[in-house]
Amino acid sequence: MASWISTAAAIGMAVGPPLVYVDQAVSIVRKRDSTGFSRDVCAILLIANITRCFFWLGNRFELALLIQSILMIVAQLALLYICVRYRPRVSPENFGASSRPLSFWQWHAYAQYVEFLAGFILCSAILFLIFGRSELYITILGFVALGLESTLPIPQLINNYKQRSLYGFRASTLLGWVGGDSFKTAYFFIQGSLLQFKVCAVFQLSVDFVPFEAIVLQRLYYGNAAPATSLEEDDDIEQEALALSEE
């Protein structure tokens, strides 16, 4: 019985977190608009899980957690593609108006994101070949990977504040963050996972409720009406349609 429960928990741990983003992706595709969802969430999850894969090479933790990282990378690449394809017409990259250094993560083409990730993997591989025998380096690598993931809600909080609305951000994603982190924390302690997983899980769970409450308050204060930029975009589309019909 205990073995069956352990196997079921491992499967849930591997496939559960990537499935959190299915509803968000379906919503974007259905509306053909990624307004409201921060692409920086994809950046954090991709970089964190790629780093975690290298951590596994240096310190072989549970296979279920490695599978989770691989599935999450695939899921976030797909979600990122959807976000780029259906990005708002008023996005900074459409006007070359990004205020970030080198327009980081606000590039125009999906291929640019893939190129960055390929370069990141290459640099990580070189560093691993040089320092992979160092226990200190592997330990730091684990804390970086798992610590980075704990900042996941922050870009979404900022995005909600900028557009003064929670339009486009699915409640299922927020609930998935809190529920998933609670499950992860219990799983790490029951399974006796590595220290990095336990420490970062406890930290992430402890800070989860701050952004969770903040996003709930944003929902109550801002609502989920379409932001002004989205409404202007809809008006432009309607005017273009009318102009074509008149021709």
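Draft legend 1. Looking closely at the overall build of the protein. From N to C terminus, the protein includes eleven helices and zero strands. Sequence-distant contacts in the protein: of pairs separated by 6 or more residues, those separated by 24 or more amount to 79%. Only carbon and sulfur atoms are counted for the fraction: they give 68% of the accessible area of the protein, which is about 13200 Å².

Draft legend 2. The pattern of salt bridges, seen in detail. Applying the stated criterion to the full structure yields three salt bridges. Between Asp-40 and Arg-100 there is a salt bridge, and its shortest N-O distance comes to 2.6 Å. Here Arg-100 lies in the loop between helix H5 (92-95) and helix H6 (110-131) and Asp-40 lies in helix H3 (residues 40-58), a separation of 60 residues in the sequence. Note on Arg-100: relative accessible area 27%, which makes it partly exposed. The partner of Glu-149 in a salt bridge is Arg-52, and the shortest N-O contact between them spans 3.0 Å. Here the residue Glu-149 occupies a position in helix H7 (residues 135-149), and Arg-52 occupies one in helix H3, the gap between them amounting to 97 residues.

Draft legend 3. Here's a closer look at a nonpolar patch on the surface. A contiguous nonpolar patch, built from Ile-11, Val-15, Leu-19, Val-22, Val-26, Leu-63, Ile-67 and Leu-71 and spanning about 660 Å² of accessible area, is present on the exposed surface. Contributing elements (two or more residues each) for the nonpolar patch: helix H1 (2-19), helix H2 (22-31) and helix H4 (63-85). Position of Leu-63 among the secondary structure elements: in helix H4. Since its relative accessible area comes to 53%, Leu-63 is described here as exposed.

Draft legend 4. Representation of the environment of Cys-200 in the model. With respect to the element layout, Cys-200 can be found in helix H10 (residues 195-222). With relative accessibility at 8%, the residue Cys-200 sits in the buried group. Expressed as a C-alpha distance, the spacing of Cys-200 and Ser-150, which sit 50 residues apart in the sequence, is 7.2 Å. Beyond its immediate sequence surroundings of up to four residues, Cys-200 is in contact with Phe-143, Leu-146 and Gly-147.

Draft legend 5. Inspection of the packing of H3 against H6 at higher detail. Contact geometry for H3 and H6: axes closest at 11 Å, N-to-C directions at 25 degrees. Between H3 and H6, the angle falls in the class roughly parallel. As H3 runs across H6, the sense of the crossing is right-handed. Of H6, the residues touching H3 (which contributes Leu-46, Ile-47, Ile-50, Thr-51, Phe-54, Leu-57 and Gly-58) are Phe-116, Leu-117, Phe-120, Ile-121, Ser-124, Ala-125 and Phe-128.

Draft legend 6. Spotlight on the state of the cysteines. Considering all chains together, one arrives at zero disulfides under this definition. This cysteine, Cys-42, is not joined by any disulfide, and Cys-83 carries the nearest cysteine sulfur, 4.9 Å off. In this structure Cys-42 comes out as buried when scored by relative accessible area, which is 0%.

Draft legend 7. Examining the packing of H4 against H6 more closely. Between H4 and H6, the least distance of the axes is 10 Å, while the angle of their chain directions is 150 degrees. Where H4 approaches H6, its residues Leu-77, Leu-80, Tyr-81 and Val-84 are matched on the opposing element by Tyr-110, Tyr-113 and Leu-117.

Draft legend 8. Region of interest: the nonpolar core. Counting 52 residues, the largest nonpolar core has Tyr-21, Phe-37, Leu-79, Trp-105 and Trp-177 as the members making the most contacts within it. Counting only elements with at least two residues in this core, the list comes to H1, H2, H3, H4, H6, H7, helix H9 (171-191) and H10. It is H3 that provides the largest number of residues to this core, a total of eleven residues. The residues contacting Trp-105, other than those within four sequence positions of it, are Arg-39, Asp-40, Cys-42, Ala-43, Leu-46, Leu-80, Arg-100, Tyr-113, Phe-116 and Leu-117.

Calculation criteria
Residues numbered from 1 in each chain as written. Predicted model: local features only at pLDDT ≥ 70, side-chain atom pairs only at ≥ 80, totals over all residues. Heavy atoms only, no water. Helix = DSSP H or I, 4+ residues; strand = E, 2+ residues; numbered from the N terminus. Contact = heavy atoms within 4.5 Å. Areas by Shrake-Rupley, 256 points an atom, 1.4 Å probe, with all protein chains shown as cover. Salt bridge = Lys/Arg side-chain N within 4 Å of Asp/Glu carboxyl O. Buried < 20%, exposed > 50% of the residue type's maximum accessible area, 1.4 Å probe, protein only. Patch = residues over 30% accessible without salt bridge, like charges linked within 9 Å, V, L, I, M, F, W, Y side chains within 5 Å. Axes fitted to C-alpha atoms, helices over the stretch in contact; angles between N-to-C directions. Parallel < 35°, antiparallel > 145°, perpendicular 65-115°, else oblique. Left-handed = near helix turned anticlockwise from the far one by under 90°. Disulfide = S-S within 2.5 Å. Core = buried A, V, L, I, M, F, W, Y, C linked by side-chain atoms within 4.5 Å.

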